[in-house]
Amino acid sequence: SQSIGEEGMGIYQLIAPVMAMSYSLTVAGIQTAISKYVAPEPTSHDYKASLRILLVGFTISLSLSAILGFFLFEYSFFIAKNFLLEERCASLVRIFALSLPFSSVHSCINGYYYGIKKTGLPALTQLLEQGARVLSVYFIFAFCEKNGLRASITISVIGIVIGVFVSMGVSAIAIFLRFGKLGFSFSSGATKSTMSNKKILHTAKDILSMAVPLSANRIVI
């Protein structure tokens with residue numbers, strides 16, 4: 001805040017509605033739906049069903065993130081000018097758009113761990129995300145200052161991307177290790193047997209039937 005000033009901080013805060021809307025559209029409802037439908041796993045031990053729910057949730061969320069990310073990137077200037085009423089937000093929106101796929105993966109995995117009542121990993125990844133975000137911004141600003149470069153507010157949004165990428169990486173490693181210990185490989189026949197077209201469609205229907213109303217509620221709010 002001392003480096004970019006009050007005006008820069010104000011510009012940064014202007015993209016908050018875009019961030020909130022993006023998360024509502026791509027991950028909020030799906031994360032909750034995954035949590036609900038994997039919740040029986042600790043007692044049923046039906047790991048195939050949990051894996052199918054997680055993979056279908058991944059697919060839906062990543063697809064939405066890719067579409068919305070492309071839209072935000074391509075129409076960032078239009079959004080900044082006509083909705084945020086500040087053209088200097090365009091570069092911030094473009095950078096933020098890059099974080100959406102990472103955020104989708106992270107949120108879906110968190111949803112799985114919330115559902116099976118193992119909150120340690122989500123807590124850890126959230127701490128790592130904020131730590132990576134703050135430290136990356138600090139060191140980039142310090143590098144710019146040391147080399148006589150102008151520190152821009154875009155660095156703060158780059159920090160968001162770095163933070164989400166770190167948390168996604170840790171989450172992805174954890175989920176691979178968990179299902180690996182359970183005897184699953186994401187390319188194995190056992191895994192593929194959980195992904196028949198009929199089961200995929202049924203799971204997608206269940207997830208969307210819960211995710212769509214939740215996401216719509218978040219969007220309205």
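As the structure is a computational prediction, the values presented were derived from the model and not from experiment. (Residues numbered from 1 in each chain as written. Predicted model: local features only at pLDDT ≥ 70, side-chain atom pairs only at ≥ 80, totals over all residues. Heavy atoms only, no water.)

Draft legend 1. Quick peek at the overall build of the chain. Secondary structure summary: the chain contains 11 helices and 0 strands in total. For the chain, the sequential pattern of α-helices and β-strands runs α-α-α-α-α-α-α-α-α-α-α. Each of the three principal axes of the chain carries a C-alpha extent, and together these read 60 × 35 × 25 Å. Split into buried and exposed, the 221 residues of the chain put 45% on the buried side. For the chain, contacts bridging at least 24 residues in sequence account for 79% of all contacts bridging at least 6. Taken as a whole, the chain presents about 11,800 Å² of accessible surface, with 66% of it coming from carbon and sulfur. Mean positive and mean negative side-chain charge positions of the chain (18 and 10 charges, respectively) differ by 14 Å. (Helix = DSSP H or I, 4+ residues; strand = E, 2+ residues; numbered from the N terminus. Buried < 20%, exposed > 50% of the residue type's maximum accessible area, 1.4 Å probe, protein only. Contact = heavy atoms within 4.5 Å. Areas by Shrake-Rupley, 256 points an atom, 1.4 Å probe, with all protein chains shown as cover. Lys, Arg positive; Asp, Glu negative; His and termini not counted. Charge placed at Lys NZ, Arg CZ, Asp CG, Glu CD.)

Draft legend 2. Inspection of the state of the cysteines at higher detail. Enumeration over the complete set of coordinates arrives at 0 disulfides. Left without a disulfide partner, C89 is nearest to the cysteine sulfur of C144, which lies 20 Å away. (Disulfide = S-S within 2.5 Å.)

Draft legend 3. Seen up close, the packing of aromatic side chains. In the structure shown here, the tally under the stated rule is 7 aromatic pairs. Between the aromatic rings of F71 and Y75, the centroid separation amounts to 5.0 Å while the plane-to-plane angle is 35 degrees, which identifies the pairing as tilted. According to the relative accessible area criterion, F71 is partly exposed, its value standing at 40%. Using a relative accessible area of 43% as the deciding quantity, one classes Y75 as partly exposed. Summarising the aromatic geometry, the rings of F102 and F165 are spaced 5.2 Å apart at their centres and angled 75 degrees between planes, so their arrangement reads as edge-to-face. (Phe/Tyr/Trp six-rings, centres within 6.5 Å; stacked < 30°, edge-to-face > 60°.)

Draft legend 4. Quick peek at the packing of helix α4 (residues 47-74) against helix α11 (residues 197-220). At a minimum axis separation of 9 Å, α4 and α11 run at an interaxial angle of 70 degrees. In terms of orientation, α4 lies roughly perpendicular with respect to α11. Here α4 runs over α11; the crossing is right-handed. Contacts from R52, I53, V56, G57 and I60 in α4 reach K199, I200, T203, A204, I207 and L208 in α11. A class-by-class count of the residues in the contact of α4 with α11 yields 7 nonpolar, 2 polar and 2 charged. (Axes fitted to C-alpha atoms, helices over the stretch in contact; angles between N-to-C directions. Parallel < 35°, antiparallel > 145°, perpendicular 65-115°, else oblique. Left-handed = near helix turned anticlockwise from the far one by under 90°. Nonpolar A, V, L, I, M, F, W, Y, C, P; charged D, E, K, R; others polar.)

Draft legend 5. A look at helix α9 (residues 154-181). Along its 28 residues, α9 runs 41 Å from first to last C-alpha, staying within 8% of the 40 Å computed at 1.5 Å per residue. Positive phi appears at G183, one or two residues downstream of α9, with a value of about 95 degrees. (Expected span 1.5 Å × (residues − 1).)

Draft legend 6. Looking closely at the pattern of salt bridges. Counted under the stated rule, the structure contains 3 salt bridges. The shortest N-O distance in the salt bridge between R88 and E7 comes to 3.0 Å. One end of the pair, R88, is in the loop between α5 (76-82) and α6 (90-97); the other, E7, is in helix α1 (residues 5-14), with 81 residues separating them in the sequence. The partly exposed category is assigned to R88, whose relative accessible area is 44%. For E41, the salt bridge is made with R178, and the minimal N-O distance between the two is 2.6 Å. In this pair, E41 sits in helix α3 (residues 41-44) while R178 sits in helix α9, placing the two residues 137 residues apart along the sequence. For E41, a relative accessible area of 3% corresponds to the buried category. (Salt bridge = Lys/Arg side-chain N within 4 Å of Asp/Glu carboxyl O.)

Draft legend 7. Broad picture of a nonpolar patch on the surface. On the surface, F71, Y75, F78 and F83 cluster together into a nonpolar patch covering about 460 Å² of accessible area. For Y75, the location among the structural elements is in the loop between α4 and α5. (Patch = residues over 30% accessible without salt bridge, like charges linked within 9 Å, V, L, I, M, F, W, Y side chains within 5 Å.)

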